[in-house]
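Each chain, letter by letter, is given below.
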Amino acid sequence: QKEVEQDPGPLSVPEGAIVSLNCTYSNSAFQYFMWYRQYSRKGPELLMYTYSSGNKEDGRFTAQVDKSSKYISLFIRDSQPSDSATYLCAFLKTSYDKVIFGPGTSLSVIP
Amino acid sequence: SAVISQKPSRDICQRGTSLTIQCQVDSQVTMMFWYRQQPGQSLTLIATANQGSEATYESGFVIDKFPISRPNLTFSTLTVSNMSPEDSSIYLCSVEDPGEGALTEAFFGQGTRLTVV
C-alpha cells in the first residue's frame, strides 16, 4: 500500500461548482495535514494546513481531516477559473519533519 | 519563508549531453531537495542536498546520473547527465523552512522544464 494516495483526476468542473479533493494515507504518525496548490509552470505553494482531526475554513476553502479513517479532504465552494491548478495533499509527522507529498489532482474550472 | 531562484527555466537538449540546473535561496537553509515531476504527474524526490557532505539519493536515482553540488547554505546544483528522452521532465528545487505557525513549509523554485531530443 502506498503511503499516500490521492484521487487521480484530472477533474473538470463548471464555474460555481463545489469541488471535493481527497487523499488517503497509511501512516498513523502523521499529525499535520496540508494542501499545496501548483499552478501551471510554477512550483507548489502551501494553501492551508490543519493539525489533527477536524475542519478548517479559509474563505471558499475548507480542509477536513478524519484521522480515524486516515482520510483528508479539501472542499472548494463557488469554484472559479482561477482555482484551476494541481492540488497536492501533504503530511508531516512532527512540525519539523520532512514534508511527504501526495501525487496531486489536476483541477480545471470551466467558465 | 524562502524565495528560490532556479535557472534555467527551460531548455531543449540533445541526447547524450548534460545540463546543470542552479538553485539559489535567499536565506541559509540546512537541506535542499531536488524533485522531478512529469507534466501532470506527482513529485518524485530525487535527492537531498546536504551542505558539507554527499547528497542522499532516493531509490532509483544514482549519483552518476544526477550529480549534485552544495557548496554553501544558499546554493545547489543538479546535473542531469548523459540525457535521454526519458529524462524529459520538470525539475524542481525545494527547501523546507519553518513557515506559518513554525510548521515546516516546503518552498519551491519555479522549476526547469527539460526536453531531450
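The residue numbers shown here count from 1 along each chain, following its written sequence. For this description, chains carry letters from A and ligands carry numbers from 1, given in the order in which they are written. For this predicted model, a pLDDT threshold of at least 70 governs which residues receive local features, and a threshold of 80 or more governs which side-chain atom pairs are given and counted, while totals over whole chains, interfaces and linings are taken from all residues. The side-chain figures draw on all heavy atoms in the structure; neither hydrogens nor water molecules are used.

Peer 1: Just to check I follow, could you spell out the overall build of chain B for this structure?
Peer 2: Helix numbers and strand numbers start at the N terminus; a helix is a DSSP run of H or I with at least 4 residues, a strand a run of E with at least 2. Counting its regular elements, chain B contains 0 helices and 11 strands. Written out in order from the N terminus, the α and β elements of chain B read β-β-β-β-β-β-β-β-β-β-β. Our radius of gyration is a C-alpha quantity, and the globule rule it is checked against amounts to 2.2 Å times the number of residues to the power 0.38. In terms of overall size, chain B behaves like a compact globule, its C-alpha atoms giving a radius of gyration of 14 Å where 117 residues would be expected to give roughly 13 Å. Its C-alpha atoms put chain B at 45 × 30 × 25 Å along the principal axes. In chain B, which comprises 117 residues, the proportion classed as buried is 50%. Contact between two residues is taken to exist if any of their heavy atoms lie within 4.5 Å; hydrogens are not considered. In chain B, the proportion of contacts linking residues at least 24 apart, taken out of those at least 6 apart, comes to 53%. With an accessible surface of roughly 5,500 Å², chain B has 48% of that area assigned to carbon and sulfur atoms. Think of it this way: Lys and Arg go in the positive column, Asp and Glu in the negative one, and His and the chain ends go nowhere. Positions of charges follow a simple convention, taking NZ of Lys, CZ of Arg, CG of Asp or CD of Glu. Of the charged side chains in chain B, 7 are positive and 11 negative, and the gap between their average positions amounts to 11 Å. Using a 1.4 Å probe on the protein chains alone, a residue whose accessible area is under 20% of its type maximum counts as buried, one over 50% counts as exposed, and one in between counts as partly exposed. Where accessible areas are quoted, they stem from the Shrake-Rupley method and a 1.4 Å probe; at the residue level, only the protein chains shown are allowed to cover.

Peer 1: So what exactly am I meant to see when it comes to the state of the cysteines here?
Peer 2: Two cysteines form a disulfide when their sulfur atoms are joined by a covalent bond. All names here are of chain B. When two cysteine sulfur atoms are found within 2.5 Å, that pair is recorded as a disulfide. Scanning all chains against the criterion turns up 2 disulfides over all chains. Sulfur-sulfur distance for the disulfide between cysteine 23 and cysteine 93 comes to 1.8 Å. Residues cysteine 23 and cysteine 93 are joined by a disulfide whose S-S torsion is about -65 degrees; by sign, that bridge is left-handed. Pair noted here: cysteine 23 is in strand β3 (residues 19–25) and cysteine 93 is in strand β9 (residues 89–98), with a separation of 70 residues, a long-range link. A disulfide-free cysteine, cysteine 13 has its sulfur positioned 18 Å from the sulfur of cysteine 23, the nearest such atom.

Peer 1: Hey, could you run me through the interface of chain A and chain B in this one?
Peer 2: In many analyses, interface size is given as the accessible surface area lost on bringing the parts together. Across the boundary between the two partners, chain A contributes 19 residues, which contact 21 residues of chain B. Interface area for chain A against chain B, summed over the two sides, is near 1,700 Å², with a carbon-plus-sulfur share of 57%. Interface area lost by chain A to chain B is led by Arg41(A), Tyr49(A) and Lys98(A), which between them contribute 30%. Between Lys or Arg on one side and Asp or Glu on the other, a salt bridge is scored when a side-chain nitrogen of the former is within 4 Å of a carboxyl oxygen of the latter. At the surface where chain A touches chain B, the tally comes to 1 salt bridge. Taking the shortest distance from any N to any O, the salt bridge between Glu96(B) and Lys98(A) comes out at 2.9 Å. Counted as a polar contact is a pair of N or O atoms within 3.5 Å, where, for protein atoms, one must be capable of donating a hydrogen and the other of accepting one, and residues adjacent in sequence contribute only when both atoms are in side chains. Where chain A touches chain B, the interface holds 5 residue pairs in polar contact (both at pLDDT 80 or more). For the side of chain A that touches chain B, the secondary structure elements donating two or more residues are β4 (32–38), β5 (45–51) and β9 (85–92) of chain A. In terms of residue count, the dominant contributor to the side of chain A that touches chain B is β4(A) (4 residues). Asp, Glu, Lys and Arg are counted as charged, while Ala, Val, Leu, Ile, Met, Phe, Trp, Tyr, Cys and Pro are counted as nonpolar; the rest, among them Gly, fall into the polar class. Within the side of chain A that touches chain B, the residues separate by chemical class into 12 nonpolar, 3 polar and 4 charged. For any pair of parts, buried area is found by adding up, for both, the accessible area (1.4 Å probe) each one loses once the two are put together.

Peer 1: Is there a simple way to explain the sheet that holds strand β3 (residues 19–25) of chain A in this structure?
Peer 2: Strand pairs in the sheet, formed through backbone hydrogen bonds, run parallel or antiparallel to each other. Residue and element names in this part refer to chain A. The strand order β1-β3-β8-β7-β6 describes an open sheet built from 5 strands, whose pairing is antiparallel. With partners counted over all chains shown, the strands left at the sheet margins are β1 (4–6) and β6 (54–58), one partner each. Going across the sheet, the axis of each strand differs from the next one's by a mean of 15 degrees, ignoring polarity. Pairing of β6 with strand β7 (residues 61–66), which is carried by 5 bridges, proceeds in the antiparallel orientation. When the sheet's bridge partners are listed, aspartate 58 is paired in β7 with phenylalanine 61. At least two DSSP bridges between two strands are needed for those strands to be called paired. The convention used is that axes are lines fitted to C-alpha atoms, helices contributing only their stretch in contact, and that angles between N-to-C directions extend from 0 to 180 degrees.

Peer 1: Where do I start with the pattern of salt bridges in this structure?
Peer 2: Side chains bearing opposite charge may pair, as long as their charged atoms lie close to each other. Inspection of the entire model under this criterion finds 4 salt bridges over all chains. Two residues, Arg77(A) and Glu57(A), come together in a salt bridge whose shortest N-O distance is 3.4 Å. One end of the pair, Arg77(A), is in the loop between β8 (71–76) and β9; the other, Glu57(A), is in strand β6, with 20 residues separating them in the sequence. With its nearest N and O atoms 2.6 Å apart, the salt bridge here joins Asp87(B) to Lys65(B). Pair noted here: Asp87(B) is in the loop between β8 (75–80) and β9 and Lys65(B) is in the loop between β6 (56–57) and β7 (68–72), with a separation of 22 residues, a long-range link. Residue class for Asp87(B) comes out buried when judged on its relative accessible area of 5%.

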